[in-house]
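# Secondary and tertiary structure notes
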Amino acid sequence: MKRNACLVLVVIFASLLLFSCKPQKYTESFNAMNTFMTVQAYGSEKKAKAALEEAKSRVASIEDVISTTKSGSDLYKLNHSFGASMVVRDDTAFLFEFTNGLYKATNGALNPALYPIISAWGFTTESYRIPSEEEITALLSHTDFSQAELSETAGGAVIKTTEGMKLDFGAVGKGYAGDEIIRILKEHGIKSALLDLGGNVQVIGKKTDGSKWVVGIKNPWGGDSVCTVKIADLAVVTSGGYERFFVGDDGKKYIHIFDPKTGHPVENDLESVTIICERGLYADALSTSLFVMGKDKAVEWWYNNSGFDFILITTDNEFYYSSGLNDDIQVIYPFNAIYAVTRDAE
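In this report, we go over the structure that sits alongside the text.

### Focus on the overall build of the protein chain
- Each helix and strand counted, the protein chain has nine helices and 17 strands in total.
- Seen through its C-alpha atoms, the protein chain measures out along the principal axes to roughly 95 × 55 × 45 Å.
- Residues classed as buried in the protein chain amount to 49% of the 346 residues present.
- Put simply, of all contacts in the protein chain between residues at least 6 apart along the chain, 59% involve residues at least 24 apart.
- Each charge class in the protein chain was averaged separately, 33 positive and 44 negative side chains, and the resulting centres sit 10 Å apart.

So this is what it looks like as structure tokens:
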């Protein structure tokens, strides 16, 4: 009996030891960048709570710098500088340089100088309207991002725009914030985490049971997810016109993603674009850029550029995905057709 009792105590002790060593989940939720954000970190209480607090503070600091509405932000000051040169902080300079690179690489599909157009249509205030063609044409003259300049001086990074130009990093802000959260969590020794930043999903490592995270891709027509994707150490970002839009007096639907060439909301053959890659910033930027391009040009851009996978859902109920997802994707929705797109070398 004594031996049995000792055996039971050993088993209980071992179980308690195993449980105490298992990483626990700690969650921080907050509103930032006009969206609701949730960060789940697994680890010791001390490490996780310190990491989450620092991450939340870092997101707030980014918003304070790149907000278009906060009077103390770099972008607010820049947008009210009437084209004067202005010293900016590191976050602003970094995002300017990054978006400028993709502006050139995507032939203007990603354009952070569209704020006057977006504002004219009412998407910054939710006072929606359809501007006249004369107004749109006049505003488009202020959206040539190639005329904005970044230079380094003894006093720091300096940005100069043209009079009437206004910048907005909304297409990359959440992705950048996600990358910064990931960096901070890793610096605190967190090896497993899940971020949901208003629909932008990023993860560190795998789940605590060793399996990959499973992310559902939203159905643009409503209802359950159209597919799931298994990921580890990746970001998943989707862009589409199904969440932010208005119906004009003409009965047409106008979405919040704009064609930089026309100054009108995008109208093409895509319902949504999902990008899966290592960096949230890149995924955020590309989901918008490829949506603006339309299906054929988006696929062509992927052919010529590496470092990411994609999922395209078209307006005629077809599903396209890059073959790099073959082992991790499961399509649930009854699409008219499903295509795995490969490069010639694959």
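We are not done yet, so read on.
### Let's talk about the nonpolar core
- One finds Leu185, Ile275, Leu290, Phe308 and Phe310 to be the most contacted residues of the largest nonpolar core, which totals 73 residues.
- Top contributing element to this core by residue count: helix α8 (residues 280-293), with nine residues.
- Other than its neighbours up to four places away in sequence, phenylalanine 308 contacts Ile275, Ile276, Cys277, Tyr282, Leu286, Leu290, Trp301 and Trp302.
- Listed in part, the 19 residues of the second largest apolar core include Tyr42, Val226, Cys227 and Leu325.

### Notes on the sheet that holds strand β4 (residues 149-153)
- Here three strands make up an open sheet; going across it, the order is β3-β5-β4 and the pairing antiparallel. Looking along the sheet, the strands with just one partner apiece sit at the ends: β3 (85-87) and β4. When strand polarity is set aside, the average angle formed by the axes of neighbouring strands in this sheet is 30°.
- Across five bridges, the pairing between β4 and strand β5 (residues 156-160) is antiparallel. Each residue of the ladder has a partner; that of glutamate 149, found in β5, is lysine 160.
- Contacts from helix α4 (residues 90-105) reach β4 and β5, with the element oriented near 135° to β4.

### What about the pairing of strand β14 (residues 309-314)?
- Extensive coverage of β14 is indicated by the burial of six of its six residues.
- The sheet contact formed by strand β13 (residues 270-277) and β14 spans six bridges and is antiparallel. Looking at β14, one finds that serine 272 is bridged to isoleucine 313.
- Here β14 runs beside strand β15 (residues 318-322); their pairing, made up of three bridges, is antiparallel. Bridging across to β15, isoleucine 311 finds its partner in tyrosine 321.
- Connecting the antiparallel pair β14 and β15 is a turn made up of three residues, with asparagine 317 showing a positive phi of about 65°.

So, how was this worked out
- Residues numbered from 1 in each chain as written.
- Predicted model: local features only at pLDDT ≥ 70, side-chain atom pairs only at ≥ 80, totals over all residues.
- Heavy atoms only, no water.
- Helix = DSSP H or I, 4+ residues; strand = E, 2+ residues; numbered from the N terminus.
- Buried < 20%, exposed > 50% of the residue type's maximum accessible area, 1.4 Å probe, protein only.
- Contact = heavy atoms within 4.5 Å.
- Lys, Arg positive; Asp, Glu negative; His and termini not counted.
- Charge placed at Lys NZ, Arg CZ, Asp CG, Glu CD.
- Core = buried A, V, L, I, M, F, W, Y, C linked by side-chain atoms within 4.5 Å.
- Pairing = 2+ DSSP bridges.
- Axes fitted to C-alpha atoms, helices over the stretch in contact; angles between N-to-C directions.

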